[in-house]
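Structure at a glance
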Amino acid sequence: MTDSPANRPAAFEIVDLNVWFDPRDRRNGPPLHTVRDLNLTVAPGERVGLVGESGCGKTTTILAAMGLLPSSASVAGEVRVAGTNVIERGEASIRPHRWTDIAMVFQGAMSAFNPVRTVGWQIGEALGVHGIARGKAAVQRTRELLDLVGLPAQTADRYPHQLSGGMKQRAVIAMALSCDPKVLLADEPTTALDVVVQDQVLQLLVRLSGELGLALVLVTHDLGVVAQACTRAAVMRDGGIVEQADVFDLYHRPAHPYTRQLFESTPNIDDVRPAEPGPAAPANLLEVTDLRVGYGARRGGDEHPNAVDDVSLQVAEGELVALVGQSGCGKTTTLQAILGMQPALSGSIRIDGVEVTGLTPRAWRPVRRNVQMIYQDPYEALDGRLRVEDTVAEPLLVHGIGGDRRHRRALVAETLREVGLDPEVVAARYPHELSGGQRQRVAIAASLILRPRLLLADEPVSMLDVSVRTGVLELLDRLRREHRMGILMITHDLSTAVAHADRIVVMRDGRIVEVGDPWRIVREPTEPYTRKLLDSVPGLDPQQHRGS
């Protein structure tokens, strides 16, 4: 008999797990049954993908396994690590195992770090608290961990705000691995990463799982990630697992209609079609010419390397332009400069014919109503003290529009429905009571409620499952066509860019290296870097996956 993961004793088991939450939205109502009779087994060295839509209970399941659910939750069932039920006595029984035997990579990398401590200090703190290493040994171990996830050693001396979203996510993975756990629960660990780094991190997790015998549970909405990195997959819906199979059988012979629906909702980069001839080019809403942006330098200065160097691009009325490239290449800095959040060293930015470089805050105010931004991380974008209804209504109050409270509430409810949320269910909730995908949809609703002329979207669907992602992108498509809204969208998902963008702009090291329609970018790329991005896109067919 071969010593495959399936033949080894289980490293991690979930047995008849049930989770209920207090009924906060209605008085004296029954508890909300979020996870229902869930069973999952993972052997040492096995990699299991937990797939499903936002709100289906994926994150709740692994938070329950870590003993990290809020006091409003009630848990029944068992979570066994190497045969020991680690949640039997609550915090008293899970604490000795948390991080040393079972660790977790959280979904919101940007909110996982203390902003006033360096990354190295925070990884070293974890090593010291758990008795792994201190002093020089902790410094050396920190460097090894950073190197393991593809970060340079000097990252240890940097603060979280000095890292791109992808670099922060990799640092979070390094911290989770710091105590050599036997089980790793990863909640969307590659959500904020570009396709090249995503490919590297997934290969890293595959290698660590095999070399260290690490039992990996990978929560993701990306079926391509499951095909590339996992040996088996479990599909969740409405709190329960509806189908489990190895990834090959799941792709070729899905048994449940919901599994087939997920595959049908996932864009495929090979489905690109030539662009159809359209009407005459409409007027440009956004014109960026020779833009240069640098950190720590003043306009006209030349002392520092530029984060954005001689960038020129345009977005026309009703056009969706996708800006793609690896983390740290300057995509988000470009959007921040367009919105006036980061000063330009030189160059021109014109929004609807108005030159905005150098505008005072007072002069920016009427412009900003017509240009809105969807931020990359809804964990940071939403105020934890405001209910969903107040968050979405806030732009109406700031700009003095929307009439009385009754009218504003109607506008909020309409916008929430447009992004696929039921206002009766979510309007009174706080951000911590929502899943990651639900938070992202709330952030999108807050940006759309003013019906801006120009929308700057920084990874707007990166944390959404495939079916909801399709719905939101179709919503943006409809809004830009009906309202002639121009959209500049950053995305690391080339499949999404190919399926929905009119033009794709490829950026590398602060410069634009290639521009074209989706067909030309996919079928006739002129730059080797563009080909590298395309080759890193994970395919749905497990036979293509790099982990085997």
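A quick note: this is a predicted structure, and the numbers were derived from the prediction, not measured.

Interaxial distance between helix α13 (residues 388-398) and helix α14 (residues 405-418) falls to 9 Å at its minimum, and their mutual angle equals 115°. Here α13 is positioned roughly perpendicular relative to α14, judged by the angle of their axes. Relative to α14, α13 is oriented so that their crossing is right-handed. Contacts between α13 and α14 involve Val388, Glu389, Val392, Ala393, Leu396 and Leu397 from the former and Arg405, Arg408, Arg409, Leu411, Val412 and Leu416 from the latter. The class makeup of the residues in the contact of α13 with α14 is eight nonpolar, no polar and four charged.

Let us look at the packing of aromatic side chains. By the definition in use, this model includes two aromatic pairs. Seen from their ring centres, tyrosine 251 and phenylalanine 263 are 5.8 Å apart, and the 70° between their planes marks the pair as edge-to-face. You can see tyrosine 251 sitting in helix α8 (residues 247-252) and its partner phenylalanine 263 sitting in helix α9 (residues 257-265), a full 12 residues away along the chain. Sitting over the ring of tryptophan 121, arginine 117 keeps its end group 4.1 Å from the ring centre. In this arrangement the basic side chain of arginine 368 is found over the ring face of tryptophan 364, its NZ or CZ atom lying 4.7 Å from the centre.

The full count for this structure, using the stated rule, is 25 salt bridges. In this structure, aspartate 309 engages arginine 511 in a salt bridge whose closest nitrogen and oxygen atoms are separated by 3.1 Å. Of this pair, aspartate 309 sits in strand β12 (residues 308-316) while arginine 511 sits in strand β20 (residues 511-516); the two residues are 202 residues apart in sequence, bridging distant segments of the chain. A residue is classified by how much of its surface remains accessible, and arginine 511, at 41% relative accessible area, is partly exposed. Glutamate 418 is the salt-bridge partner of arginine 478, the closest N and O atoms lying 3.6 Å from each other. You can see arginine 478 sitting in helix α17 (residues 466-483) and its partner glutamate 418 sitting in helix α14, a full 60 residues away along the chain. Here the residues in one salt-bridge network are Glu418, Arg451, Arg478 and Glu482, joined through shared partners.

A word on the state of the cysteines. Evaluation of the coordinates by the stated rule reveals zero disulfides. A disulfide-free cysteine, cysteine 230 has its sulfur positioned 15 Å from the sulfur of cysteine 56, the nearest such atom.

A few words on the domain arrangement of the protein. Domains assigned within the protein are domain 1 (12-265) and domain 2 (284-294 + 306-388 + 451-536). Of note, the centres of domain 1 and domain 2, computed from C-alpha atoms alone, are 30 Å apart. Listed by partner, the interface residues are 23 residues for domain 1 and 21 residues for domain 2. Buried surface at the junction of domain 1 and domain 2, summed over both partners, amounts to about 2,100 Å²; 53% is from carbon and sulfur atoms.

Analysis parameters
Residues numbered from 1 in each chain as written. Predicted model: local features only at pLDDT ≥ 70, side-chain atom pairs only at ≥ 80, totals over all residues. Heavy atoms only, no water. Axes fitted to C-alpha atoms, helices over the stretch in contact; angles between N-to-C directions. Helix = DSSP H or I, 4+ residues; strand = E, 2+ residues; numbered from the N terminus. Parallel < 35°, antiparallel > 145°, perpendicular 65-115°, else oblique. Left-handed = near helix turned anticlockwise from the far one by under 90°. Contact = heavy atoms within 4.5 Å. Nonpolar A, V, L, I, M, F, W, Y, C, P; charged D, E, K, R; others polar. Phe/Tyr/Trp six-rings, centres within 6.5 Å; stacked < 30°, edge-to-face > 60°. Lys NZ or Arg CZ within 6 Å of the ring centre and 35° of its normal. Salt bridge = Lys/Arg side-chain N within 4 Å of Asp/Glu carboxyl O. Buried < 20%, exposed > 50% of the residue type's maximum accessible area, 1.4 Å probe, protein only. Disulfide = S-S within 2.5 Å. Domains from an automatic or database assignment. Buried area = accessible area lost by both parts, 1.4 Å probe.

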